Amino acid sequence: MKLKNLSQFDRFYFRIKSNRWYWLFSIFCRLSLAYAFIFAGMVKILGERFASGLSTNHPMGAYLEALHQTGYYYTYIGIVQVVAGALLLIPGTVLLGALLYFPVIVNIWILSYALRFEGSYVTSPLMVLANLYLLIWNYDRLRYILPFKQFPDYKVFKKPVKYDTRFPGWFVISVIAVVILVVLGSQFGHEAMPRNSMTDCRVQFTDTRNEGPGYTFCDCIHKYGRALNRCLEEFERTKN
């Protein structure tokens, strides 16, 4: 097969697939995603409440407690997570695992942002991006189920006898930049975060011009267990 007969995207894709560093990063994504879901899934299968130390007054704590009380549905979620993680560990089923993994982790990401849960506020978007990387990495298989009218006539990519060892500097810089942006966004993206405890919640407002309204916001969450949106509305109304 000659690369010159392929589209620009496909030529780029084959160059990426032939590079050892991109291949190693795909393995890192597989292992890290598998570990996260297998661990979280086993907690559910064993019947333990996930993030059990989180108070039920916290929005995420209330959600997790309600989810824990759903019985076999809670166990079912754990089984799905373990299966998705296990499929990622097997080279021949990586694409199936990534497809199963994707809707679950996107749901966790949206949930984390909706409730401003710092426990997965940073990790969930990074896991979504790692999952997308695996889907793109397996584009040669995925393309057959995509709604394309036509695509280049080549079969599944075969592992090269010898990988290209050129270091992808710009890719590494991009990955580091994305991680930094996600971390900074989690720290400074919102003026008020519920945090995981009353103490941590109050620290963000201590010695600031919104200390009073901020402490009231923390009481609203951690003392009275009210809805996050209601507490945020009260904070916005009373802040300086």
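These numbers come from a predicted model, not from an experiment.

(A) Structural view of the side chain of S26. With respect to the element layout, S26 can be found in helix 2 (residues 20-45). Every residue in contact with S26, bar those within four places of it in the chain, is listed here: Y133, L134 and W137.

(B) Focus on the confidence of the model for the protein chain. Mean pLDDT over the protein chain stands at 91; residues scoring 70 or higher make up 94%. Within the protein chain, the lowest mean pLDDT, 84, falls on helix 1 (residues 8-17), and the highest, 97, falls on helix 4 (residues 72-89).

(C) Here's a closer look at the packing of helix 2 against helix 4. Where helix 2 contacts helix 4, the axes come no closer than 7 Å and their chain directions differ by 155 degrees. Here helix 4 runs roughly antiparallel to helix 2, going by the angle between their axes. When you trace helix 2 past helix 4, the crossing you get is left-handed. Taken together, the residues of helix 4 that come into contact with helix 2 (itself represented by R30, L31, L33, A34, F37, I38, A40, G41, M42, K44 and I45) are Y74, T75, I77, G78, I79, Q81, V82, A84, G85, A86, L88 and L89. By residue class, the composition of the contact of helix 2 with helix 4 is 16 nonpolar, 5 polar and 2 charged.

(D) Focus on the state of the cysteines. Under the definition given, this model contains 2 disulfides. Indicated for the protein chain is the disulfide connectivity 1-2, 3-4, based on numbering the bonded cysteines in sequence order.

(E) Representation of the pattern of salt bridges within the structure. For the structure on display, the rule yields 6 salt bridges. Between E191 and K239 there is a salt bridge; the shortest N-O distance is 2.7 Å. Of this pair, E191 sits in the loop between helix 9 (169-188) and helix 10 (198-203) while K239 sits in the segment after helix 12 (228-238); the two residues are 48 residues apart in sequence, bridging distant segments of the chain. Classification of K239 as partly exposed rests on a relative accessible area of 27%. Here E236 makes a salt bridge to K239, at a shortest N to O gap of 3.1 Å.

(F) Representation of the layout of surface pockets. The computed volume of the largest pocket comes to approximately 1,100 Å³. As for the largest pocket, its lining consists of 41 residues, of which F37, I105, I108, T123 and M127 are closest to the centre. Of all the secondary structure elements, the ones that give two or more residues to the lining of the largest pocket are helix 2, helix 3 (59-68), helix 4, helix 5 (94-115), helix 6 (118-121), helix 7 (123-137) and helix 9. Ranked by residue count, the leading element in the lining of the largest pocket is helix 2, at 11 residues.

About the cut-offs
Residues numbered from 1 in each chain as written. Predicted model: local features only at pLDDT ≥ 70, side-chain atom pairs only at ≥ 80, totals over all residues. Heavy atoms only, no water. Helix = DSSP H or I, 4+ residues; strand = E, 2+ residues; numbered from the N terminus. Contact = heavy atoms within 4.5 Å. pLDDT = per-residue confidence, 0-100. Axes fitted to C-alpha atoms, helices over the stretch in contact; angles between N-to-C directions. Parallel < 35°, antiparallel > 145°, perpendicular 65-115°, else oblique. Left-handed = near helix turned anticlockwise from the far one by under 90°. Nonpolar A, V, L, I, M, F, W, Y, C, P; charged D, E, K, R; others polar. Disulfide = S-S within 2.5 Å. Salt bridge = Lys/Arg side-chain N within 4 Å of Asp/Glu carboxyl O. Buried < 20%, exposed > 50% of the residue type's maximum accessible area, 1.4 Å probe, protein only. 1 Å grid on protein atoms, 1.4 Å probe; cavity = no way out; pocket = protein on both sides within 12 Å on 5 of 7 lines; lining within 4 Å. Points joined across faces, edges and corners; volume = space filled by probe spheres on them.

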